[in-house]
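What follows is each chain in one-letter form.
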Amino acid sequence: MKNKAIRVLVDLERLRYENSGIANVFRNLAVGLFVLNIPKNKFNIDLYGPLVSLKKLNTKFSFVKRKSVHKIIPLYTFKYNILHTSHQLSSYFHIKKRGQKKVVTLHDLNFLHENISQKKYNKELNKVKKNIQNTDVIVCISKFVKKDFLANKELFFFEKEPKIEVVYNGICFPKADNTYDLEDLSFLKNKSYILNIGVLFSKKNQLALIKMLPYIKEDLVLVVSARNQFYAKEIENEIISLGVSKRVHFCSQISDNQKWGLLQHCTALCHPSTAEGFGIPPIEAMHFGKPVFLSNLTSLPEIGGNVAYYFNSFETQSMVATFKKGMEFYDTDRDTKIVQLKKRAQEFDYKVMAQQYLDIYKTLFDNA
């Protein structure tokens, strides 16, 4: 738009789930957009979401309070030039006026591949359809998500053909040289352990890590933000069966400092997920120079590149061999490996993400 500031409303309603990866990513987007110091005569950015969470952000953007009634009676948004829906399953901002632009961030289409009920499948498919049918740009968080979307594009209807972009999630890294207090988890400080961070769902494949324990010396620390009760029971039974109860440590509702402390003190991070739209914990581990062991599926090879080690099979002895060989290789030239890992992590800095989203907003009105 010529000689007029572009007004943007960024949907941060997922801040309601404060400990989720998505909340963290879009918290970083808001802060990233702010530190870019965008001229007011170019862009005016407002943030939509839970007021308490928005006030915690260290920005000077204006806030629009999320209300549950907005699912039924849509918020008036016609004063904005761009609506940015931050999740494909959002219940907000399905309506836009003529001339208004819309951006939707697509995190994954996992529901297409999971063993879920037809009712849940239909519900999630319909939500995605509502969000993207009138969008101008779909931002995929990895090349894998873009490939998955294009392979299933026939499931969706578009008022006009949207552009498809890839913007990796961005992380606001802590200072790697600081010492982070484990607080009530300090008993782990002197233990050798592999770390896994994520929801306790079958797609995260933590059961495969449990099965490795009889063949490695390290303990296992599982940081769990949510769990599927049936999968959790399966893991519990396997722990008992293998007699490794004292070597598996469950953590939940931990502080950021505790998370950084766990990463700082771990031997390695293992993330053998079978369905991943992105993968933040491996990047956080690389920031601390820790070796990361990933599955070779979905988006994870994009994250780890050539500095990670990959499980090519989930058969226990194969995973054990991969882990031991990887740790041996890491230890042969630890200082060089640490530099490479840290350099890789910086490619996912939150300011890089914010600039790429800003470029997308700008492009939408370059010729207006």
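For the structure itself, consult the block above.
Per-chain numbering applies: the sequence of each chain, read as written, is numbered from 1 onward. Local features in a predicted model are, by the rule used here, given only for residues with pLDDT of at least 70; side-chain atom pairs are given and counted only at 80 or more, and totals for whole chains, interfaces and linings are based on all residues. Water and hydrogen atoms were dropped before computing side-chain values, which therefore reflect all heavy atoms in the structure.

## Some points on a positive patch on the surface
Piece 1. Residues with no salt bridge and a relative accessible area higher than 30% make up the patches, which join like charges within 9 Å and nonpolar side chains (Val, Leu, Ile, Met, Phe, Trp, Tyr) within 5 Å. Per-residue accessibility takes into account occlusion by the displayed protein chains alone, with areas from the Shrake-Rupley method and a 1.4 Å probe. For this document, the term salt bridge refers to a Lys or Arg side-chain nitrogen within 4 Å of an Asp or Glu carboxyl oxygen. Within this scheme the basic residues Lys and Arg register as positive and the acidic residues Asp and Glu register as negative, but His and the chain ends are omitted. For this purpose, a charge sits on NZ of Lys, CZ of Arg, CG of Asp or CD of Glu. A contiguous patch of positive charge on the surface is contributed by K71, K119, K120 and K123.
Piece 2. Strands are runs of DSSP state E lasting at least two residues, helices are runs of H or I lasting at least four, and both sets are numbered from the N terminus onward. Mapped onto the fold, K123 is located in helix α3 (residues 118–132).

## Remarks on the pattern of salt bridges
Opposite charge on two side chains makes pairing possible when the charged atoms of those side chains draw close.
Piece 1. On inspection of all chains with the given rule, the structure shows 17 salt bridges.
Piece 2. With its nearest N and O atoms 3.8 Å apart, the salt bridge here joins D219 to K191. With D219 in strand β9 (residues 219–223) and K191 in the loop between β7 (163–166) and β8 (193–197), the pair connects residues that are 28 residues apart, well separated along the chain.
Piece 3. For K191, a relative accessible area of 33% translates into the label partly exposed. Only protein chains enter the area calculation, which uses a 1.4 Å probe; residues under 20% of their type maximum are buried, those over 50% are exposed, and those in between are partly exposed.

## Some thoughts on the packing of aromatic side chains
Piece 1. Two rings belonging to Phe, Tyr or Trp (six-membered ring only in the last case) form a pair when the distance between their centres is within 6.5 Å. Interplanar angles under 30 degrees mark stacking, angles over 60 mark edge-to-face geometry, and anything in between is tilted. Inspection of every chain in the model, using the stated rule, returns 17 aromatic pairs.
Piece 2. Judged by centre distance (5.9 Å) and plane angle (85°), the ring pair of F34 and F61 falls under edge-to-face. Note that F34 is positioned in helix α1 (residues 21–35) and F61 in the loop between α2 (51–56) and β3 (62–65), a separation of 27 residues in sequence.
Piece 3. Residue class for F34 comes out partly exposed when judged on its relative accessible area of 29%.
Piece 4. On the basis of relative accessible area, F61 is assigned to the buried category, the value being 15%.
Piece 5. Put simply, the rings of F293, Y309, F311, F323 and F329 touch in pairs and so form one group of aromatic residues.
Piece 6. Two thresholds decide whether a charge sits over a ring: the Lys NZ or Arg CZ must be within 6 Å of the ring centre and within 35 degrees of the ring normal. In this arrangement the basic side chain of K337 is found over the ring face of F329, its NZ or CZ atom lying 4.1 Å from the centre.

## Some words on the sheet that holds strand β6 (residues 137–140)
Piece 1. For two strands to be treated as a pair, DSSP must find at least two bridges joining them. Reading across from one edge, β3-β2-β1-β4-β5-β6-β7 is the order of the seven strands in this open sheet, with parallel pairing throughout. With one partner strand each, in any of the chains shown, β3 and β7 form the two edges of the open sheet. Taking each pair of neighbouring strands and ignoring which way they run, the sheet shows an average axis angle of 20°.
Piece 2. Bridging between strand β4 (residues 82–85) and strand β5 (residues 101–106) involves four bridges; their strand directions are parallel. Here the axes come from fitting lines to C-alpha atoms, over the contacting stretch only for helices, and the angles between their N-to-C directions go from 0 to 180 degrees.

That's the geometry; what it means functionally is another story.
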